[in-house]
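# Coordinate analysis (summary)
Below are the chains, spelled out letter by letter.
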Amino acid sequence: MLIPGPDTRVVELRVHGVQGTTPQSLVDAVAAVDVAGDGLGRIVRPADRLRRPAPGPVLQAAGRPVTRVVEGYVWGGMTSGGWAKATWALLFPFSLANVAHWMLPPVPTGSTAAHLLGVGLRSLLRLAALLLTVLLVAQLAVISLDLVAAQCLAPGSPCLGGPSWVSDVPWARAVVGFAPVALLLVVLHRVSAVDWRIERKDVPASAVGTSGLPGAHVATDPDVPALRVLHLVAGLGAAVVIGLGGPPGPLVAPGWHGVALTTAWVAGVALVGFSALAAMLLDDPTGGQPHRGGRWLRAVLSRRPRRVLLAVAWAVLLGSAALLTRLPVRLPGADLAVQLVAAAVALVCALLGLLLVPAALLARRTWKELPRDLRPWAGGWMAAPVLAIAALIGGGFGAGVALTLRRALGHGVLPRGYDYIALLWGLAGVLALVTGIVVVATTGAVRWSSLRRGKEWAREASLLHTGRTRDVKRAARAWWWARWEQRHSHHVVLIGACVLVAGSVPAAVLRLREVDLPGWSRPFTAVGVVVLAVLALALLRAVWLAARRPDTARQLGILADLAAFWPREAHPVVPPCYALKVVPELVSRVREHLADPGARVVVAGHSQGSLLAAVAVARLLEELPAHDAARVGLVTAGSQLQWAYPRAFPAVVPHESLARLAGGLAGRWRALCRGTDPLGGAVMTWGRQVFDGMLLGVGFLPDGTTGALPPALRGPTGALVLGGDHWLPDPQRGPFPGRRWAAGVNRHKDYTSDPEWDRAVAIAAGLEAVATPPPAPVLPVARQVPLRSPEPEAR
């Protein structure tokens, strides 16, 4: 513990979570004012009545008042609000595919088989992501080229009020058909090039990927510009192939016209094939050694060759539009094109799932010593179901738009494969309804059984609310639901993937055998049409509301905010990674404050902000000398750094990296948690047990190792401090004089209102020590009471 001197001050730098927040709420003030930043990344402080930065509340540390400065980093403007950011909702399948890359299991060092599997998995993910782009372009081409231009605008068609001049003017229908596809590709290219400018001063580069700290691999991929061009070229090539006749071959025309059509069609196929091959090989198969096998490909995809390739692709598209002097009444290859792309996506997903099995088994040695509750979800296999959901949602959205538009036009015939897609989603919708009823009934039965038997599920809640019977009942109910949600959140993803895949199997079998839809499938097809229409309209309505109402955008953007944390790797057309801006700017701000020798900086993160704060502090430990690093602390509140991130992203935020960060901070990492919080939980401890009125457990020790912890001590405000975790009573004790009061069960919100917050900040700043209790007793097996019941009905 450092003794505070007269010049000592504590800077508390807060980072909010997803859904954004107001600057006033972040710094707990009636008004706030910017003191740094560029408008997207804003550093704010409390303001007085004249809109000037005001000092923060005095911090009591070891019985002495210490000056405190409260600052907040507001990053919500990067992920919500406005038309540009709202349209990311339509590209959410791309974001899921990109997230799946970061969910791959780690590659153990020294294992050639694991290394080769890792290369293969990353290549398959990039191929699947490129095929998703091609699928989107193909589905739009079916709508614009086939349904609208070829059928609706055909001579003599009653669609849109009858024939118009467009039907009689050469090239007009081709221009109408190709224009939406070209516009889509331009928009994809522009939005994929959006990135956040970093406002930082003289921040040295960290040794990315070598430290073993959390988020060490979160960095910009230098291959993203090349990958962006490959996706655009593949989309242009796919549009050309579909417009000129589809996979069966080019349209037939006499003389030089037929030769030109064939040449353009071959060029389109070549563009798609080259893009797919290059996307797979772009992730250097030699293991990150550019002087070996990957050098030639990077030379081919350098800036100038990329521009030439892009110009050639656009020239082929424009030439194809010029060659289509007369569109046929139906595009002959549209149906087959969509089906081939969908089949290729399904095949890649299946191969990825198969390769993930041995890759996860080889990576198991990195986590097999951990308790069951700390191991990766699905044994490290979660990337496969996430990619499957991305593919099925992407295909379903395009089909939903097409079916809705055909109904609105009242004219036209869609490809036959769309009937099977409707069957797929109809079966999936029915299965989802049945599964939901079973899950709700099972959960209710387990809950009712536990209450009827008087089973006490949250004995630690009784410790926190000793002598407050009413609070014990309210807290125990909330603890049960929060624990259930944390245990089964990943099961929802697995069930969703299984339901969609189960619906796709009979639809795929019928289509492959060229079997007409039987009579029993008609009700399911009708349900599928409704589900797809609802999906398409809901996404479009979500974009409209998100753009018009920023508050709706924040509520809608939870999943988008979580997905946008990860840099572009598998798919380049995803929101820019805000972590690549937030983390360097946090590091820069902390370094500015540490220039004052009397300053101690505590970075405090809530929910998703806890991950940003942890990565920023890890970078500071890499860069700062020891005497400056000793003045940095970390507070996390409502964090997912134990129950979610290491389990979903075991290669990027492994459990060992958290232990290393805890050892580097030497007790200056404090985690505030509530058992009633369904989104946050303990970070520093696990294996908790209640024994003889004491809370015991295993966790991180100050030296970075793990082991049994002394019994939890009760703080002056009623919190139980076990290791680095501060378990807060919820509802709060109090009210306390001079403190803001938050009544009721707060769950995931308002951690700063708890009086334990100030104490955690003082400990993280190194100005107050946690009392050391006597060693934990050795528990007799018969008297152990596990915190988490191992009985089947608890799961």
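Residues numbered from 1 in each chain as written. Predicted model: local features only at pLDDT ≥ 70, side-chain atom pairs only at ≥ 80, totals over all residues. Heavy atoms only, no water.

### Some details on the overall build of the protein
Regarding its fold elements, the protein presents 23 helices and 14 strands. Put simply, 77% of the contacts in the protein that link residues at least 6 apart link residues at least 24 apart. (Helix = DSSP H or I, 4+ residues; strand = E, 2+ residues; numbered from the N terminus. Contact = heavy atoms within 4.5 Å.)

### Side note on the confidence of the model for the protein
On average, residues of the protein score 82 in pLDDT, and 86% of them reach the 70 mark or higher. When pLDDT is averaged over each element of the protein, strand β7 (residues 632-637) comes out on top at 95 and helix α16 (residues 550-556) at the bottom at 49. Across residues 205-209, confidence stays below pLDDT 50; counting only partners more than four residues off in sequence or on other chains, it has nine contacts. Within the model, the stretch residues 778-795 combines pLDDT values under 50 with 37 contacts to residues more than four positions away or in other chains. (pLDDT = per-residue confidence, 0-100.)

### What to know about the sheet that holds strand β10 (residues 694-700)
The strand order β9-β10-β11 describes an open sheet built from three strands, whose pairing is antiparallel. Two strands in the sheet have a free side with no partner beyond their single neighbour: β9 (685-691) and β11 (706-708). The mean inter-strand angle of the sheet, taken between neighbouring strand axes irrespective of direction, is 20°. Examined bridge by bridge, β10 and β11 share three bridges and lie antiparallel to one another. (Pairing = 2+ DSSP bridges. Axes fitted to C-alpha atoms, helices over the stretch in contact; angles between N-to-C directions.)

### Here we look at helix α5 (residues 172-192)
Along its 21 residues, α5 runs 30 Å from first to last C-alpha, staying within 8% of the 30 Å computed at 1.5 Å per residue. F178 marks where α5 bends most, by close to 30°; the proline P180 follows one to four residues later. For α5, every residue scored as buried is listed here: A172, R173, A174, G177, F178, V181, A182, L184, L185, L188, V191 and S192. For α5, the elements touching its buried residues are α4 (112-152), α6 (224-243) and α9 (303-323). (Expected span 1.5 Å × (residues − 1). Bend = angle between axes of the 7 residues up to and from the residue. Buried < 20%, exposed > 50% of the residue type's maximum accessible area, 1.4 Å probe, protein only.)

### So, the environment of G675
By secondary structure assignment, the location of G675 is in the loop between β8 (669-673) and β9. Here G675 falls in the buried class, since its relative accessible area comes to 11%. Sequence spacing of G675 and W481 is 194 residues, and the spatial spacing of their C-alpha atoms is 9.6 Å. Once residues lying within four places of it in the same chain are set aside, the contact partners of G675 are A478, W479, A482 and W727.

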